[in-house]
Amino acid sequence: MSKRDVRERLSQLIDIVQAWISDRPIGADRHTDDDRFAELVRDMAELADQLILQEIDSEREKAALNQKIAEQKQAEQLLQSEKDLVEQLFESSESAIAQGNDRATVLRINRSFTRIFGYTAEEAVGRQIDELIATEEQKGDAHSVNERVWRRQNVYLDHVARRRKDGSRVYVSLTVSPIVVNDKRVGSYAIWRDVTEQVNNEIELAKYRDHLEELVEKRTAQLAKAQNELLQAAHKAGMVEMANGTLHNVGNVLNSVKTSTEMINRISSGVPYQRFRKANALLRDNMDNIVAFVANDPKGKLLLEYYLQLEDQFNNMEDEIRHQLGRLKRNVDMVVEIIATQQSTGKGKQFTEKCYLDQIVDETLDVQEDMIEQHEITVIKEIRASPVVAVQRTKLIHILINLIRNAKDAMIDTPIKERFLRIAVSADNDRAAIAVTDNGIGVDPQHLEKLFTHGFTTKKRGHGFGLHTCAEYMAEMEGEITADSPGQGQGATFTMRFPLVESVSPPSSTLSPPDDPAALLRRRASRRDTPTMDIDTPPARRDLSTLPPYPSEE
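Being a predicted model, the structure only gives us computed values, none of them experimental.

Quick question: what am I supposed to make of the overall build of the chain here?
What the chain contains, in helices and strands, is 15 helices and 13 strands. Looking at the chain as a whole, 35% of its 554 residues are labelled buried. Within the chain, contacts between residues at least 6 apart in sequence are counted, and of these 67% link residues at least 24 apart. Here the chain displays about 33,700 Å² of accessible surface, and carbon together with sulfur accounts for 53% of that area.

Here it is, written out as structure tokens:
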């Protein structure tokens, strides 16, 4: 029963009860009346219960309906908010946006579409989008976009050209997506982001890059030309420097050659040819009575004594000439070696050989013997070891020659009896060294780092080749050269260090402290040869051919 039917039936029962009570006769059968009344009451209670239940269900339905209505209103409000947000985004976007139907007809556009392409909403709505912004040459591209959207594909194109209302070109990045409802394409929306400024910048950048590449090509060609010229100049400068170094070394040796030649000339000019011719003439005049002449004539006895004295004189001359000729030959050989070394350097070949350092010192002192005697320099050799090194022998000798001659120049104002040159040879675990020390004018500390720089010199007539060449020679032999000086007027020490091949050390018992200067001068005065003293007795040497082979550098 519906709620309405229950209400009507309950009303009828109430009316029956009221009528029954009012019409009930006094003294009627009470039992029958009670049963009838009870039945009516039950019917009324049942109807009341149904009515109450229906009221409860009605209230629940009403509450559920109200809840549903509230939720629907909330959803509508949310949908409206989202719609307002989308609308706000649609209108405020910096990109041009257009919504179209399934036939690509424009349904709506935003303000940025008008700003970018120049069409108002009235001009754009209802027209095909391609008719608005695609030129004839762009129609194929636009048709391809529509085809892909028709197939429900998202499309993105970067930096494509489109047309404004005034016919000008605009570059955009394009995004087109289909709108699908219930698995049916109902339309599409397109977004165009204006990248004209960026494209124009890229075009200008490309022009600038092309211009820059052109400039780079020109500058590269100019640099290549300049580099070639510099290489030629450097080659010439290198040849000049090499030639200067060679001439410098040859000049050092030629000084000894010149001295030997002058000595030979002096010996030759000292031969008493005139007296010898007179003696021979006297001998020829008395050949017929030579016995009586020698036995009785005082001149005969003097003549014999004269001839006997000539033997010693000629022997001394012969010894000195042989000595000078030997030195002359060694110096000439050294000049030949200098030239050969220079030629091999020019060909990229630099050969090394195993040498005893103390032997190299002796050879160098032999070359510089005349210069040392001329300037009365006392040489003190300290041979602490007899190391074997792999060097370019000629170059090492010329390094020593340079250092000895520089020491001589440094001691030019030193009193003669105080000119001492100390040459020390030593070795440690893996290095060998030669130290050349003088007691001359010394080196200003601020000049120490510049000494081996090309062209640097402290001499009035120096050219700055010597020490620079020494440093280059040492580098070629994988060695190094350093300079040290306590200061001006306190002498200087130049030390050369080499990789050690083998070291032969003298017994400690052979070492003795240096003599005092007076003793050195007395020993020098008693000697005929170069004033050189060996403080340390060098060890016995083995034949270098018995040493293991050492590779030469090329």
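Explanation requested: the nonpolar core in the structure shown.
Nonpolar side chains in soluble globular proteins tend to be buried together. Within the largest apolar cluster, 42 residues are counted, with the highest numbers of intra-cluster contacts made by I399, L421, I434, M496 and F498. Element by element, the count of residues in this core is highest for helix α13 (residues 393-410), at eight residues. Among residues more than four places away in sequence, those in contact with L421 are I377, T378, V379, I380, I404, A407, M411, V436, T437 and D438. Counting residues in hydrophobic clusters, the runner-up holds 23 residues, among them A98, I116, L132 and V176.

What exactly am I supposed to notice about the packing of aromatic side chains here?
Centre-to-centre distance and the angle between the planes together describe a pair of aromatic rings. This model, assessed by the stated rule, comprises four aromatic pairs. Centre to centre, the rings of F113 and W192 are 5.5 Å apart; their planes meet at 70 degrees, and the pair counts as edge-to-face. On the criterion of sequence distance, the pair formed by F113 in helix α3 (residues 111-117) and W192 in strand β5 (residues 184-194) is long-range, its members being 79 residues apart. A ring pair is formed by F117 and W192, whose centres lie 5.6 Å apart and whose planes are at 80 degrees; its orientation type is edge-to-face. Note that F117 is positioned in helix α3 and W192 in strand β5, a separation of 75 residues in sequence. Members of the aromatic cluster, connected to one another through ring pairs, are F113, F117 and W192. The ring of F90 has R108 lying over it, and the distance from NZ or CZ to the ring centre is 4.1 Å.

Honestly, a nonpolar patch on the surface in this entry has me stumped. Any pointers?
The grouping of L205, Y208, L212 and V216 at the surface amounts to a nonpolar patch, some 380 Å² of accessible area in total. Position of L212 among the secondary structure elements: in helix α7 (residues 196-269). The exposure class assigned to L212 is partly exposed, which follows from its relative accessible area of 37%.

Please clarify how unusual backbone geometry should be interpreted in this entry.
Where the residue is not glycine, phi is negative for most of them; where a peptide bond is considered, it is trans in most cases. Residues other than glycine seldom take positive phi values, yet R152 does so here, at roughly 65 degrees. You can see R152 is positioned in the loop between α6 (139-150) and β3 (155-163). With a relative accessible area of 39%, R152 lands in the partly exposed category. A positive phi angle, close to 60 degrees, is found at E478, a residue other than glycine. Mapped onto the elements, E478 comes out in the loop between α14 (466-476) and β11 (480-484).

I'm lost on the sheet that holds β3 in this one. Help?
Neighbouring strands of a sheet are bound in pairs by backbone hydrogen bonds; such pairs are parallel or else antiparallel. What the five strands build is an open sheet, ordered β2-β1-β5-β4-β3; its pairing is antiparallel. Of all the strands in the sheet, the pair left with one neighbour each is β2 (106-109) and β3. Averaged over all pairs of adjacent strands, the angle between their axes in this sheet comes to 30 degrees, without regard to strand direction. In the sheet, strand β1 (residues 96-101) pairs with β5 via six bridges, with the strands oriented antiparallel. Opposite Q99, over in β5, you have Y189 as the bridge partner. Strand contacts of α6: β3, β4 (169-181) and β5, with the helix running at about 150 degrees to β3, the strand carrying the most contacts.

Help me out: how do you make sense of the pairing of strand β9 (residues 420-427) in this one?
Regular strands have side chains that alternate between both faces of the sheet. Of the pairings in the sheet, the one linking strand β7 (residues 378-383) to β9 comprises six bridges and is parallel in character. Bridge pairing in β9 links K381 to I423. Two elements, β9 and strand β10 (residues 431-438), share seven bridges in a ladder whose sense is antiparallel. Across the sheet, A427 pairs through a bridge with A432, a residue of β10. The antiparallel hairpin formed by β9 and β10 contains three residues in its connecting segment.

Just to check I follow, could you spell out the pattern of salt bridges for this structure?
A pair can form between side chains of opposite charge whenever their charged atoms are brought close. For the coordinates displayed, the defined rule picks out 13 salt bridges. Taking the shortest distance from any N to any O, the salt bridge between E91 and R111 comes out at 3.6 Å. Linking E91 in helix α2 (residues 30-92) with R111 in helix α3, this pair joins segments that are 20 residues apart in sequence. We classify E91 as buried; its relative accessible area is 19%.

It is not clear to me how the confidence of the model for the chain should be interpreted in this structure. Could you clarify?
Interpretation of the predicted coordinates at a detailed level should be avoided for regions scoring low in pLDDT. Summarising the model, the chain shows a mean pLDDT of 76, and 73% of its residues fall at 70 or more. Averaged pLDDT values for the elements of the chain fall to 42 in helix α15 (residues 517-525) and rise to 94 in β10. Throughout residues 507-554 the model reports pLDDT below 50, and contacts reaching past four residues in sequence, or to other chains, amount to 94 contacts.

Criteria and thresholds
Residues numbered from 1 in each chain as written. Predicted model: local features only at pLDDT ≥ 70, side-chain atom pairs only at ≥ 80, totals over all residues. Heavy atoms only, no water. Helix = DSSP H or I, 4+ residues; strand = E, 2+ residues; numbered from the N terminus. Buried < 20%, exposed > 50% of the residue type's maximum accessible area, 1.4 Å probe, protein only. Contact = heavy atoms within 4.5 Å. Areas by Shrake-Rupley, 256 points an atom, 1.4 Å probe, with all protein chains shown as cover. Core = buried A, V, L, I, M, F, W, Y, C linked by side-chain atoms within 4.5 Å. Phe/Tyr/Trp six-rings, centres within 6.5 Å; stacked < 30°, edge-to-face > 60°. Lys NZ or Arg CZ within 6 Å of the ring centre and 35° of its normal. Patch = residues over 30% accessible without salt bridge, like charges linked within 9 Å, V, L, I, M, F, W, Y side chains within 5 Å. Salt bridge = Lys/Arg side-chain N within 4 Å of Asp/Glu carboxyl O. Pairing = 2+ DSSP bridges. Axes fitted to C-alpha atoms, helices over the stretch in contact; angles between N-to-C directions. pLDDT = per-residue confidence, 0-100.

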